[in-house]
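Here are the chains, one letter per residue:
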Amino acid sequence: MKPISEIRKQIISQRGYRKSYNVEHGLSLFNFEELKDKKVMEVACGKGLLSLLIANYCKEVVGVDILEEEVQAARLNQQKYKIENCTFVTSDIGLTDFEIESFDVIVAEAALHHIIYDYRIGTKLCEYLKPGGRLIFIAEPLGYNWLSEFVRFIRHHRTHAVGEFSLWYDNVGQFASSFAEVKYYYFDIFSHPFKVLEMILPHSIFLIVMKRMWQIDEVIYKYLPILRKYSPNVNIEMIKADY
């Protein structure tokens, strides 16, 4: 089996269908044909699975995580899948010192709501991007849906999670102040309840069903734009000015 398929299987086994579905939705923002000559950074890369998946399509990937044990796990996964165009670095992204304008794309999964109030990180990530470069945050929670916020509150109370904040248009705008444009890709309003199907459907069929639900979400958001802010999840793209 190809490394891409094996990596997707490991993403599913470690995160479950629901979270892997969020990753698939975020990956829909990429034009993989255009990535083949590009350099990509993943922020908060964890065990490196998303970095290794993207590395199959681009020239080079650098994965950054603050936890040494996560970076070590990422390197083991890299050896397992024999992917050479990927480097993993242990660092606080706010303290890294990469070359200015050296990346075409920076991606992070479920990371923005941890760093949203450290605006210097937004500025630094913008500096690392080439003109016209893209910073993509996958599967971020907006704070306007009171039901989703209540569920998150209960979950965090049970797990004693810290360092997570709700995202609002204002604080996202401040974080992205160095960028020329911010785009929101809303999903998970009509499709949200259907995530329970992950418990009974094979992953391939589950994704087919969810992709149909995304299409319904797009129609809902197109004709009822007032509902967009109540999306439980959103992908956010920040685009640097193309001088």
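Visitor: Just checking my understanding: could you explain helix α3 (residues 68-81) for this structure?
Guide: Here α3 is 14 residues long and its end C-alpha atoms lie 20 Å apart, about the 20 Å a rise of 1.5 Å per residue gives. Every buried residue of α3 is accounted for by E70, V71, A73, A74, N77, Q78 and Y81. Along α3, the residues classed as buried sweep out an arc of 160° about the axis, all on the same side. Pointing more than 90 degrees away from the buried face of α3 are the exposed residues E69, L76, Q79 and K80. A positive backbone phi angle near 55° is found at K82, which sits one or two residues after α3.

Visitor: Just checking my understanding: could you explain the packing of aromatic side chains for this structure?
Guide: Each aromatic ring pair is described using two quantities: the centre-to-centre distance and the angle formed by the ring planes. Going through the model one piece at a time under the given rule, you end up with 12 aromatic pairs. Three or more aromatic residues joined by ring pairs form one cluster here, namely Y144, W168, Y169, Y184, Y186 and Y221. The side chain of K39 reaches across the aromatic face of F103, ending 4.7 Å from its centre.

Visitor: Can you help me understand the nonpolar core in this one?
Guide: Looking at soluble globular proteins, one finds that nonpolar side chains tend to be buried together. Core analysis: the largest hydrophobic core is formed by 32 residues, its most contacted members being M41, I106, L112, L125, L135, F175 and M238. Among the secondary structure elements, those contributing two or more residues to this core are β1 (39-43), β2 (60-65), β4 (103-109), α4 (112-115), α5 (119-128), β5 (129-140), α7 (169-175) and β7 (233-239). Among the elements that make up this core, the one with the highest residue count is α5 (four residues). When sequence neighbours within four positions are dropped, the list of residues in contact with I106 reads M41, V43, L125, Y128, L129, R134, L135 and I136. Counting 27 residues, the second largest nonpolar core, distinct from the first, contains I7, V23, L53 and I83.

Cut-offs applied
- Residues numbered from 1 in each chain as written.
- Predicted model: local features only at pLDDT ≥ 70, side-chain atom pairs only at ≥ 80, totals over all residues.
- Heavy atoms only, no water.
- Helix = DSSP H or I, 4+ residues; strand = E, 2+ residues; numbered from the N terminus.
- Expected span 1.5 Å × (residues − 1).
- Buried < 20%, exposed > 50% of the residue type's maximum accessible area, 1.4 Å probe, protein only.
- Arc of directions from axis to C-beta.
- Phe/Tyr/Trp six-rings, centres within 6.5 Å; stacked < 30°, edge-to-face > 60°.
- Lys NZ or Arg CZ within 6 Å of the ring centre and 35° of its normal.
- Core = buried A, V, L, I, M, F, W, Y, C linked by side-chain atoms within 4.5 Å.
- Contact = heavy atoms within 4.5 Å.

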